[in-house]
Amino acid sequence: MILQQTTPMRTVLAHRAAMGRTPAGDLVIHTVSQGTNAPLSVLDATGTRIAEVPLPGASGAWAVTSAADGGCWLGSYYQGLLFHWDGSAVTTVGRPTPEATYLWDAVALPDGGVLVATYPDAAVVRYDPEQGFRTVRRLGNEGQLYARALAFDHDRRMVWCGLGVSPCQLVGFPLDDPEAELTVVTGIPTQLVPRQLIMLGGRIWFVSESELWSIDPDGLTAEPVAEAAALGACGYLSPEHDGFAYLTGAGGALLRLDLAERRLDKIGQLPVSEPMIAAEIDRDGLIILVGQQRASLVRVGSGGEITAVPADLAATPSHMGHLIGVPDSGDLFLSAGQQGDIARWSPAGGELGPTSQIGQVESWAWTADGTLIAGTYPQAALVEVEPADVTRPRVLVRLHESHHQSRPIAITSVGRVAYLGTTPGYGLRDGALTRVDLDSGEFRVAAMTDETVHAIWWDGSALIVGTSPESGTGAPRRLGSGRLLRVDPDTLAVLAESPVPGGARTAAAIAGDGDGLWLIADHGLWRLDPATLAADHVLDLGTGASARAAIHRYGSSLVIDIDGATWLADPERRTKELLTEGGHHVAVVGRDLWAVVRPDQHSTFTDLRRIPLPD
C-alpha cells in the first residue's frame with residue numbers, strides 16, 4: 001500500500017523582507033516563508049508575529065516591498081503571482097504576464113501602484129487597481145531571461161532594472177515614456193548577479209554577492225566600492241539616514257556606507273552571523289531583520305549599543321529535500337532543501353534526530369568507513385558528517401568562489417577520497433570534476449570545458465565519468481551530446497573517451513555490480529563496458545533528453561529514477577514497471593521506495609511517499 005505524509009522537517013526560508021509603517025505609525029515587518037501556500041508573517045517591532053496569512057498557491061516570495069497603505073506587495077516564484085496585503089487581508093492580484101513564473105523584485109510607486117520584474121520574459125510590468133497590469137517594457141531575448149532587480153528614481157521618474165544571470169546589465173528608461181531609447185550603464189562586470197537596486201543619496205546602488213557598485217544617474221558609469229569584497233558585504237542595503245546606509249558583512253559584521261565618500265566601514269559586530277534582509281531607521285536607531293533561516297530582529301541604538309531577539313517567522317514543511325538510506329538500519333537521512341538542514345529520521349518510530357545546517361544537498365553518499373559525504377549548494381561545497389554526531393559537520397571544499405562552480409550533482413568515494421561532479425556557475429559554461437582527500441582536505445580540480453559532470457563511478461582501476469553539454473543557469477543552451485570518460489583517479493587525466501551512446505545528450509547516471517556497469521543515457525538504460533566504454537542498449541524508459549537520473553540496486557532488478565519518473569527494471573528480462581511519477585529524489589531502504597513528492601495540486605515538494613517494492 002502506498003503511503004504519503006508531510007516531511008517531519010519544519011524549517012524557515014524567508015528570502016527577503018520589507019519594513020513599513022501602519023497608518024498609526026507603528027513599525028511592521030513583512031516576509032514570506034517558503035512552502036505550500038507560503039505563509040506571510042507580519043511582525044511587530046519586538047519580533048513577535050502578529051499575523052500569519054497563507055498566500056494561495058504560492059511557494060515563496062523573492063519580491064517583497066512595502067505599500068503606501070501600510071501593507072505590502074508580494075511576488076511569488078514558480079507561479080509568478082502578485083499578491084497585496086492591506087493590513088487585514090491578502091488579495092491575489094494575478095500573473096503580470098502569461099509567461100511569468102518568477103517575480104524577482106517589486107518596487108512601490110508614488111501613485112499606490114507597483115512595478116514588478118519577471119522571469120523568463122525579463123519584463124517590467126506596472127500594476128495599479130484602476131488599470132490592472134500593463135507591460136511597461138520587455139527586456140528579454142533568447143539569451144536574457146532574467147529581470148532581477150528594480151529601482152525607481154522619483155526625481156527623474158526613471159525605472160532602473162538589473163538584468164542577468166548572464167550577461168549582467170543595468171538599464172533604465174523613463175516611466176512616462178517607456179519606448180524611449182534604453183539607457184545602459186557601463187562598467188558592471190557581466191558575470192555578476194543583481195541582488196538589489198536602490199536609490200540612495202541621489203545615486204543608484206547595485207548590490208551583488210560580496211560586491212557593491214555605485215552609479216551616477218547622469219554619468220552612467222559604474223564604480224565599485226573597494227572595501228565590499230574584503231568585508232564580505234552581504235544581504236541588502238538599508239534606507240538612507242544622515243548620509244549613511246547600512247548592510248551586513250562576513251561573520252556578522254555591521255557595515256556603514258558613507259554615501260558621499262562611497263566608502264564602506266565596519267562599525268560593529270552583530271550577535272548573529274546572518275545577512276540582513278530588511279532594515280528601517282527611526283529616532284531610536286537602526287532596526288535590522290537578519291537571517292533567512294534563523295531570523296533575528298536586531299536593534300542598533302543611537303549610542304551604538306546592539307541587542308537582538310529571535311524573530312518569530314512562520315515555519316513550514318521543508319521543500320525540495322533529499323533523502324538517503326542509512327545502511328543496515330531502516331532509517332533515512334533527510335535534508336531540508338534550500339534551508340540546508342539535515343537530520344536522521346526513523347520511519348518506524350517517527351523520531352527525528354538533531355539537525356545540522358550544511359547547505360542544500362544536491363548529492364550524497366556513504367564512504368566505506370560509514371561517514372556521510374554531501375555535495376551542497378550554493379557554495380558548491382563538500383561536507384563530511386559523522387552519523388553519530390551530525391551537529392559538527394566538516395566543510396572540506398568550497399568551489400563556488402574559487403572555481404565558479406554551482407551544484408555538486410554527482411558524488412562518489414574510494415576509500416578516504418571523494419569525487420565531485422559539478423555544474424558551471426551562473427551564466428558560465430565549464431563544469432568540473434574534483435578529487436578531495438577526506439583526511440587532509442587537499443583537493444584537485446579538473447575543469448570540464450563546455451560540460452557538466454553528471455555521473456561518477458569507480459570500477460576498481462579508474463573513474464567512469466558521464467557528462468552533458470549543459471551550461472550554468474542563465475547561460476545560453478548549448479546543443480550537442482555529452483561524453484563518457486575513463487579518468488585517472490589521482491591526476492584526473494582523461495585516459496579514454498567515447499560519445500554518449502544513441503546520440504543522447506546526457507550521461508545522467510552510472511552504477512555498477514559484479515557483472516559490469518549500468519548507464520542511463522537520456523531515457524535509455526545501457527550495459528556499459530568500463531574498459532572500452534562500449535555500450536549495449538537494454539531498455540527505453542521514456543523519450544527525449546534527461547536532466548537528472550539515479551540508479552539503485554534492488555536484488556537482481558534496478559530502481560531507476562529519471563527526471564521524477566521512477567521505474568523498476570529487470571535488465572535480464574528487459575522488462576519495466578512504472579512505480580511513481582512526480583518525485584524530486586528517491587531512495588531505496590530495505591523493501592521500500594521512498595520519494596520526495598508534491599502534495600496534490602501544489603508546486604512545493606514537501607511530502608514523502610512510501611511505496612513497497614515487490615518481493
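All chains use their own residue numbering, which begins from 1 and follows the written sequence. Local features in a predicted model are, by the rule used here, given only for residues with pLDDT of at least 70; side-chain atom pairs are given and counted only at 80 or more, and totals for whole chains, interfaces and linings are based on all residues. As a convention, hydrogens and water are excluded, and side-chain values are obtained from all of the structure's heavy atoms.

Asks: Could you clarify how one ought to interpret the overall build of the protein chain in this entry?
Replies: The helix count covers DSSP runs of H or I at least four residues long, the strand count covers runs of E at least two residues long, and both are numbered beginning at the N terminus. The helix and strand inventory of the protein chain stands at two helices and 57 strands. A globule of 615 residues ought to have a C-alpha radius of gyration of about 25 Å, and the protein chain, at 25 Å, matches this closely. By principal-axis analysis of the C-alpha atoms, the protein chain measures approximately 70 × 50 × 50 Å. Taking as baseline every contact in the protein chain between residues at least 6 positions apart, the subset at least 24 positions apart corresponds to 43%. For a compact globule the rule gives 2.2 Å times the number of residues to the power 0.38, and the radius of gyration it is set against comes from C-alpha atoms. Contacts between residues were defined by any pair of non-hydrogen atoms, one from each residue, lying within 4.5 Å.

Asks: I would appreciate a short explanation of the packing of aromatic side chains in the present structure.
Replies: Here the distance between the centres and the angle between the planes together describe a pair of aromatic rings. Here is the rule: rings of Phe, Tyr and Trp (six-membered ring for Trp) pair when centre to centre is within 6.5 Å. Planes less than 30 degrees apart are stacked, more than 60 are edge-to-face, and the remainder are tilted. Scanning all chains against the criterion turns up twelve aromatic pairs. Between W62 and W104 the ring centres are 5.4 Å apart and the planes differ by 45 degrees, which places this aromatic pair in the tilted class. With W62 in strand β7 (residues 61–66) and W104 in strand β11 (residues 102–108), the pair connects residues that are 42 residues apart, well separated along the chain. These aromatic residues form a ring-pair network of at least three members: W62, Y77, Y78, Y102, W104, Y119 and Y146. A positively charged side chain is recorded as over a ring if its NZ (Lys) or CZ (Arg) lies within 6 Å of the ring centre. The angle to the ring normal must also be within 35 degrees. Taking the ring centre of W518 as reference, the NZ or CZ of R527 above it sits at 3.6 Å.

Asks: Honestly, the sheet that holds strand β20 (residues 203–208) in this entry has me stumped. Any pointers?
Replies: Backbone-to-backbone hydrogen bonds join strands into a sheet, with any given pair of strands oriented parallel or antiparallel. A pair of strands counts as paired when DSSP detects no fewer than two bridges linking them. Spatial strand order, β19-β20-β21-β22: four strands in an open sheet with antiparallel pairing. Across the chains shown, the open sheet's two edge strands, defined by having one partner strand only, are β19 (196–200) and β22 (222–224). For this sheet, the mean inter-axis angle between neighbouring strands, taken without regard to orientation, is 25 degrees. Relative to strand β21 (residues 211–215), β20 is paired through five bridges, and the arrangement is antiparallel. Its bridge partner being in β21, F206 is matched across the sheet by W213. All axes are obtained by fitting lines to C-alpha atoms, using only the stretch in contact for helices, and the reported angles, taken between N-to-C directions, cover 0 to 180 degrees.

Asks: How should the sheet that holds strand β15 (residues 147–153) be read in this particular structure?
Replies: Pairing within the open sheet is antiparallel, and its four strands lie in the order β15-β16-β17-β18. The open sheet terminates on both sides in strands that have one partner only, identified here as β15 and β18 (183–184). When strand β17 (residues 169–174) meets β18, the two strands line up antiparallel, connected through two bridges. If you follow V171 over to β18, its bridge partner there is V184.

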